[in-house]
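Below, each chain spelled out in residue letters.
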Number of protein chains: 2
Amino acid sequence: MNSPETQNSPLGRRPTLYDVATHAGVSPSLVSLFLKDPERISEKRRGAVQKAISELGYRPSRAATTLASTRTKSIGLVIDDYRNLWFVDLLRGMESVLSNLGYQVMLADSRPGKNRIKEATDGLLAMHVDALVLAAEPSEAMLSTTWVPTVVAGWRKGVPAGADLITNDDDGGGAMAASHLLELGHVRVGHLSGADGASAHRRAGFRRAVETAGVESIISESDGTSEEDGYTAACWLLEHHPDTTAIFAANDTMALGAFAALKARGLSVPHDVSVIGYDNSPLAKSRYLDLTSVDNRSDVVGIDAAHRLLARIEDPSLQPERKLIEPTLVLRGTTSALR
Amino acid sequence: MNSPETQNSPLGRRPTLYDVATHAGVSPSLVSLFLKDPERISEKRRGAVQKAISELGYRPSRAATTLASTRTKSIGLVIDDYRNLWFVDLLRGMESVLSNLGYQVMLADSRPGKNRIKEATDGLLAMHVDALVLAAEPSEAMLSTTWVPTVVAGWRKGVPAGADLITNDDDGGGAMAASHLLELGHVRVGHLSGADGASAHRRAGFRRAVETAGVESIISESDGTSEEDGYTAACWLLEHHPDTTAIFAANDTMALGAFAALKARGLSVPHDVSVIGYDNSPLAKSRYLDLTSVDNRSDVVGIDAAHRLLARIEDPSLQPERKLIEPTLVLRGTTSALR
DNA sequence: GCGGCATTTTGTAGCGCTACAATTTTTACG
DNA sequence: CGTAAAAATTGTAGCGCTACAAAATGCCGC
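Remember, it's a predicted structure, so these values are computed and weren't measured experimentally. (Residues numbered from 1 in each chain as written. Chains lettered and ligands numbered in written order. Predicted model: local features only at pLDDT ≥ 70, side-chain atom pairs only at ≥ 80, totals over all residues. Heavy atoms only, no water.)

1. Regarding the pairing of strand S2 (residues 104-109) of chain B
Residues and elements named next belong to chain B.
- Burial runs high along S2: 5 of the 6 residues are buried.
- Pairing between strand S1 (residues 74-79) and S2: 6 bridges, direction parallel. Across the sheet, residue serine 74 finds its bridge partner in S2, namely glutamine 104.
- Crossover handedness for the path S1 to helix H5 (residues 86-98) to S2: right-handed. (Buried < 20%, exposed > 50% of the residue type's maximum accessible area, 1.4 Å probe, protein only. Helix = DSSP H or I, 4+ residues; strand = E, 2+ residues; numbered from the N terminus. Pairing = 2+ DSSP bridges. Right-handed = clockwise from strand over helix to strand, strands pointing away.)

The structure is reproduced here in structure tokens:
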């Protein structure tokens, strides 16, 4: 309707709350009240203020609001890398409880350097977030330096003092994957493992379940958890244990590497070898890949983390808590009974 | 060293710049100066301020800084969905030019509702970002309401007045994919297309190239661009044109759907049918999938967008510009010469 | 040892908003 | 109608920082 050039607003600058108040013929305080809860002012004024806001194209300044209020109604989420999609479920879980309460979730990733986690956290704290979720391995440098309620999600090492811990039961999940393969009758089962914390737990669970069943646990460990790592580990496994009939990969991406190694050897899945992954990532859900996988329920972690933070925002004296979330098994087409 | 309980700081609250100044025995202005450029103050004072900062555990308040300065040195990036990983390259491209200049990139996704794009944008503007990159289709509601330099990246419809446009040459990319298949000798080529803007351009390019070569263009169109859509479209294609020897999917995910359809029919890739995708996503790069794909060079879009914004921050009177980025073809194992 | 100039440091005045107490208006009811 | 209580509205005083001009200090040669 209006020309973009004139920008509706008669001011040559970003309109402020005072501009709105003047335009609407009320006091700034009333406009502020309107912003916080429109229901709290009379219908007559509400209309006038609303009109002034849209006529001027006013948008509140978050900076000013933040500075003037004690609470910002925002929660910071630090993730290690945008490309690790597991944070999407975490985020969705958090938002499912926080959005309705008017909270906003701010994301910061800490990809590049090692101490970027501290940087990302500092950035979030600089924005006065009311609380923090660390979905990245906390560095030593920040073990004791948070001013706000903090929960560590999905990592178990280096939890800052006073922080809650809500994480996936990777140990249980590893055992779950192993049991599934054993129940299908497999007795030559291999595990492709990575080097990080979660991998170690998955590995331990796997080993325990397999050895409890009286079966030898064959583990091929690599430095990372990428598809290439999975490929390399699977090649080693297939070379040294050619009679392997089932493979448990530490994550879905590594399972993809196993697929590549099997394909190269002319072995088919699940006819010759069953494969189970971990994370129930979009990859596993793919119709083509159709990968059986352990779902670590990051959405539940997110929901729990959110509840926990809300509680600690209300009562900062609450004692930190530690909690494990049970994974679930998602059956798909890459595992089948031993033929 | 210090107990986490005492938090180093003698104050029972978040330390401010004034606390630092007092502690260091200098004026607040000097501390502010230090924050902006440590080199600008004498060595003696610099040491004192530095010491005070770390002793108190001081972190500047972004809100206060933002409010007091005219520039915030931050750029907002609106994306449609965190799960569409193409934004990662965009982001990396932007950061490669912005980080060195001290700019920070803030992300907001607009997943859920339709007008969340406006919400996400408003949120960013509320944080006083100096400029905005819209990597999501702008809604009508916001065609004329930005106060800051804006560039639309990767979308061509609904560009707000006064915004720059830097986008991928999807039309050229479609033609590129088609030419590749034609050069390999294929004459029965099908295209799996989606319904969004980018798909339409890729389709147009494909059609033009194929028809220029005097070959019939067979297009299977679906509502979306998911793997399921790709699967459905591929099933239609294979049923109605069983002699198809090459398939161009509108994106890598749809190519995965095509794989599923081919596998179900016992056809192998690339032996029976060649497949080319689009986006050069992590999927395409996978060793197992090894998918030939068109790379739309989002990293370059990011770099260009950043340069453009910096220029417009310097000189807001600059006329908006439109620019297409040339895609490149990435050859992998899913396309081969017609046997 | 003293102008004159460059460098370093400081004081003052907001940025745009909210908290909270104080004030005005409306409503309820004897 | 009058008055107390409730509801609606307003004024005042910052939140933590930066911009910018003014003041203080250091440095030079003569």
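2. Observations concerning the relation of the copies chain A and chain B
- It takes a turn of 180° to lay chain A on chain B, together with a shift of 0.0 Å along the axis; the resulting RMSD is 0.1 Å. In short, the pair behaves as if placed about a two-fold rotation axis. When C-alpha distances to the rotation axis are compared across chain A, the minimum falls at alanine 63 of chain A, with a value of 2.1 Å. (Least-squares fit on C-alpha atoms with pLDDT ≥ 70 in both.)

3. Digging into the protein's contact with DNA strand C
- Leu17, Ser32 and Tyr58 of chain A together with Ser42 and Arg45 of chain B are the nearest of the 24 residues found near DNA strand C.
- By atom count, sugar and phosphate contribute 67% of the portion of DNA strand C lying within 4 Å of the protein.
- At 3.4 Å, a backbone N or O of alanine 68 of chain B approaches a base oxygen of DNA strand C.
- Ranked by residues supplied to the surface near DNA strand C, first place goes to helix H4 (residues 62-68) of chain A with 4 residues.
- Looking at the surface near DNA strand C residue by residue, the classes come out as 13 nonpolar, 9 polar and 2 charged. (Near = heavy atom within 4 Å. Polar contact = N/O pair within 3.5 Å; in protein donor to acceptor, adjacent residues only side chain to side chain. Nonpolar A, V, L, I, M, F, W, Y, C, P; charged D, E, K, R; others polar.)

4. Some remarks on the protein's contact with DNA strand D
- Around DNA strand D lies a shell of 24 residues, among which Ser29 and Arg45 of chain A together with Leu17, Ser32 and Tyr58 of chain B are the nearest.
- Take the atoms of DNA strand D that sit within 4 Å of the protein: sugar and phosphate atoms are 66% of them.
- Contact distances for DNA strand D include 2.9 Å between a phosphate oxygen and a side-chain N or O atom of serine 27 of chain A.
- The side chain of serine 42 of chain A places a nitrogen or oxygen atom 2.8 Å from a phosphate oxygen of DNA strand D.
- Of all the secondary structure elements, the ones that give two or more residues to the surface near DNA strand D are helix H2 (28-36) and H4 of chain A together with helix H1 (17-24), helix H2 (28-36) and helix H4 (62-68) of chain B.
- At 4 residues, the largest contribution of residues to the surface near DNA strand D is made by H4 of chain B.
- By residue class, the composition of the surface near DNA strand D is 13 nonpolar, 9 polar and 2 charged.

5. Focus: the domain arrangement of chain A
- Here chain A is partitioned into domain 1 (17-60), domain 2 (74-167 + 298-325) and domain 3 (170-295).
- Of note, the centres of domain 2 of chain A and domain 3 of chain A, computed from C-alpha atoms alone, are 30 Å apart. (Domains from an automatic or database assignment.)

6. A look at the packing of aromatic side chains
- All told, the structure shown has 6 aromatic pairs over all chains when counted by the stated rule.
- Geometrically, the ring pair formed by phenylalanine 248 of chain A and tyrosine 278 of chain A is tilted, given 6.3 Å between the ring centres and 40° between the ring planes. Of the two residues, phenylalanine 248 of chain A sits in strand S8 (residues 246-249) while tyrosine 278 of chain A sits in strand S9 (residues 274-278), which places them 30 residues apart along the sequence. By the burial criterion, phenylalanine 248 of chain A is buried, and tyrosine 278 of chain A matches it.
- Summarising the aromatic geometry, the rings of phenylalanine 259 of chain A and tyrosine 288 of chain B are spaced 5.2 Å apart at their centres and angled 55° between planes, so their arrangement reads as tilted. Pair noted here: phenylalanine 259 of chain A is in helix H10 (residues 252-264) and tyrosine 288 of chain B is in the loop between helix H11 (282-285) and strand S10 (292-295), and the two residues belong to different chains. The same class applies to phenylalanine 259 of chain A as to tyrosine 288 of chain B, namely buried.
- Each member of the aromatic cluster is reached from another via a ring pair, and the members are Phe206, Phe248 and Tyr278 of chain A.
- Between arginine 202 of chain B and the ring centre of tyrosine 278 of chain B, over which it is positioned, the NZ or CZ distance is 3.7 Å.
- The lysine or arginine in question, arginine 287 of chain B, covers the ring of tyrosine 231 of chain A, its NZ or CZ lying 3.7 Å from the ring centre. (Phe/Tyr/Trp six-rings, centres within 6.5 Å; stacked < 30°, edge-to-face > 60°. Lys NZ or Arg CZ within 6 Å of the ring centre and 35° of its normal.)

7. So, the sheet that holds strand S11 (residues 322-325) of chain B
Residue and element names in this part refer to chain B.
- The strand order across the open sheet formed by 6 strands is S2-S1-S3-S4-S5-S11, and the pairing between neighbours is parallel. Each edge of the open sheet carries a strand with a single partner, namely S2 and S11. The mean angle between the axes of side-by-side strands here comes to 20°, regardless of whether they run parallel or antiparallel.
- Bridge count between strand S4 (residues 150-153) and strand S5 (residues 164-168): 3 bridges; the pairing is parallel. What sits directly across from valine 151, in S5, is aspartate 164.
- Contacts between helix H6 (residues 116-126) and the sheet are confined to S1, S2 and strand S3 (131-135), with S1 contributing the most and set at about 170° to the helix. (Axes fitted to C-alpha atoms, helices over the stretch in contact; angles between N-to-C directions. Contact = heavy atoms within 4.5 Å.)

8. Let's talk about the sheet that holds S10 of chain B
All names here are of chain B.
- Taken in spatial order, the 6 strands line up as S7-S6-S8-S9-S10-S12 in an open sheet, and their pairing is mixed. Single-partner strands in this sheet number two, and they are strand S7 (218-221) and strand S12 (328-330). The sheet shows a mean angle of 20° between the axes of neighbouring strands, taken without regard to direction.
- The sheet contact formed by strand S6 (residues 189-193) and S7 spans 4 bridges and is parallel. Counterpart to glycine 190 in the pairing with S7 is isoleucine 218.
- Running at roughly 165° to strand S9 (residues 274-278), helix H7 (residues 170-183) makes contact with S6, strand S8 (246-249), S9, S10 and S12 of the sheet.
- In the packing of helix H8 (residues 197-212) onto the sheet, contacts are made with S6, S7, S8 and S9, and the angle to S6 comes to roughly 165°.

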